[in-house]
Amino acid sequence: MGAGEIAVTKSTVSRTVDIEQALQKEFRTLSAANADLPMLTEWGVESFSERIHSLGINYLAQIGRRAGYVAVSEYPVSMAVPAPVPVSPCWVIPDVVWFDRTTRRVPLIGEFERYEPGGNKHQVLKEKVRNLLWAHRELGTEPRVLLLLLWTMSGNPVHGLDEFRSLVRTGFTTPGGAGINGLEPESRFAIATAVFTTFEGCLRLKEILL
């Protein structure tokens, strides 16, 4: 590896650490939520259809824009299908991705999903985690942050996070039989929980737990 390659590697790792720290700061202060999406923290929002989900992914995108990235929501990522076994669908759609303006690479892939105990929700969340790791491999395995932001109602304890972390570390096998390796040490898997409370018939974001 030449000196230039070492410099690039150090730069991308440093950028990943900076992104993780920026997320931690925002989740502690809710600065972007308060300033740019007041319906989340101040006005309150009706829990109707996909309204909370829409605001959540816009929130993650807004954090990225404030940090200087080009952030877009619901960005399809094409999957390399292992022949001769067809896999359907042949893509995943992360809730948000951030692009670096200079390199045009993706330093963050994020998912925003409701946590509910029981039912099939745990399996849905596992699929979200698999999609994060799969999209990471397809977008190039440079260091980046994979973010899972759960949301739930106050008083609901969140379980199963260690299973998600283990899945990211060990990887998985796709329906087509391809092995998806676990996340390398230079990248980060971040999990946070957005806690909502009820106020006058609407939901408000109270805090984000790290």
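Each remark here, short or long, concerns the structure printed above.
Below or above, wherever it landed, is the structure these notes cover. Only a predicted model underlies this, so the values are computations on that prediction, with no experimental measurement involved.

## Re the overall build of the protein chain
- In terms of regular secondary structure, the protein chain is built from six helices and ten strands.
- Here the C-alpha radius of gyration of the protein chain, 18 Å, is about what a compact globule of 210 residues would show, namely 17 Å.
- C-alpha atoms of the protein chain, sized along the principal axes, occupy 60 × 40 × 25 Å.
- Of all 210 residues assigned to the protein chain, the portion counted as buried reaches 47%.

## A few points about the layout of surface pockets
- For the largest pocket, the calculated volume is near 210 Å³.
- Along the walls of the largest pocket sit Ser47, Phe48, Ser49, Glu50, Arg51, Ile52, His53, Glu113, Arg114, Glu116, Lys121 and Trp151, which together make up its complete lining.
- When contributions to the lining of the largest pocket are tallied by element, the ones reaching two or more residues are α4 (51-66) and β5 (108-114).
- Broken down by element, the lining of the largest pocket gets its largest block of residues, three residues, from α4.
- Classifying every residue of the lining of the largest pocket by side-chain character gives three nonpolar, three polar and six charged.

## With respect to the nonpolar core
- Membership of the largest hydrophobic core comes to 34 residues, with the highest contact counts inside it found for Leu23, Phe27, Tyr59, Trp98, Phe196 and Ile208.
- Counting only elements with at least two residues in this core, the list comes to α1 (3-29), α2 (31-36), α4, β4 (96-99), β5, β6 (145-153), β9 (188-199) and β10 (202-209).
- Core analysis: the next-biggest nonpolar cluster, separate from the first, contains 27 residues, Ala135, Leu139, Leu146 and Ile191 among them.

## Describing the side chain of Asp95
- By the secondary structure assignment, Asp95 is in the loop between β3 (91-92) and β4.
- There is a polar contact of 3.3 Å between the side chain of Asp95 and the side chain of His53.
- Each residue touching Asp95, except ones within four places of it in the same chain, is listed here: His53, Ile57, Val72, Ser73, Glu74, Gly110, Glu111, Phe112 and Lys128.

## So, empty space enclosed by the protein
- Taken as a whole and assessed by the stated rule, the structure comprises one cavity of 30 Å³ or more.
- Put simply, the largest cavity is a space of about 40 Å³.

## Some points on the sheet that holds β10
- Strand order in the open sheet formed by six strands is β1-β4-β5-β6-β9-β10, with mixed pairing between adjacent strands. Of all the strands in the sheet, the pair left with one neighbour each is β1 (70-73) and β10. Strand-to-strand twist of the sheet, defined as the mean angle between neighbouring strand axes without regard to direction, takes the value 20°.
- Here β5 runs beside β6; their pairing, made up of seven bridges, is parallel. Residue pairing in the sheet places Gly110 in a bridge with Leu147 of β6.
- Against the sheet, α4 touches β1, β4, β5, β6, β9 and β10, its axis set at about 10° to β4.

## Overview of the environment of Lys126
- Considering the arrangement of structural elements, one finds Lys126 in helix α5 (residues 121-138).
- Of the residues examined, Lys126 reaches a relative accessible area of 17% and is grouped as buried.
- Through-space distance from the C-alpha of Lys126 to that of Gly160 is 9.7 Å; in sequence the pair is 34 residues apart.
- The residues touching Lys126, leaving out its near neighbours within four places in the chain, are Glu163, Phe164 and Leu167.

## Brief notes about the side chain of Arg144
- With respect to the helices and strands, Arg144 occurs in the loop between α5 and β6.
- An unpaired buried charge is present at Arg144: no salt bridge exists, and Glu142, the closest side chain of opposite charge, is 4.5 Å distant.
- Within polar-contact distance, the side chain of Arg144 engages the backbone oxygen of Gly140 at 2.4 Å.
- Residues contacting Arg144, with those up to four places away along its chain left out, are Thr16, Val106, Pro107, Leu108, Ile109, His136, Leu139, Ser187 and Arg188.

Cut-offs and rules
- Residues numbered from 1 in each chain as written.
- Predicted model: local features only at pLDDT ≥ 70, side-chain atom pairs only at ≥ 80, totals over all residues.
- Heavy atoms only, no water.
- Helix = DSSP H or I, 4+ residues; strand = E, 2+ residues; numbered from the N terminus.
- Rg over C-alpha atoms; globule rule 2.2 N^0.38 Å.
- Buried < 20%, exposed > 50% of the residue type's maximum accessible area, 1.4 Å probe, protein only.
- 1 Å grid on protein atoms, 1.4 Å probe; cavity = no way out; pocket = protein on both sides within 12 Å on 5 of 7 lines; lining within 4 Å.
- Points joined across faces, edges and corners; volume = space filled by probe spheres on them.
- Nonpolar A, V, L, I, M, F, W, Y, C, P; charged D, E, K, R; others polar.
- Core = buried A, V, L, I, M, F, W, Y, C linked by side-chain atoms within 4.5 Å.
- Polar contact = N/O pair within 3.5 Å; in protein donor to acceptor, adjacent residues only side chain to side chain.
- Contact = heavy atoms within 4.5 Å.
- Pairing = 2+ DSSP bridges.
- Axes fitted to C-alpha atoms, helices over the stretch in contact; angles between N-to-C directions.
- Lys, Arg positive; Asp, Glu negative; His and termini not counted.
- Salt bridge = Lys/Arg side-chain N within 4 Å of Asp/Glu carboxyl O.

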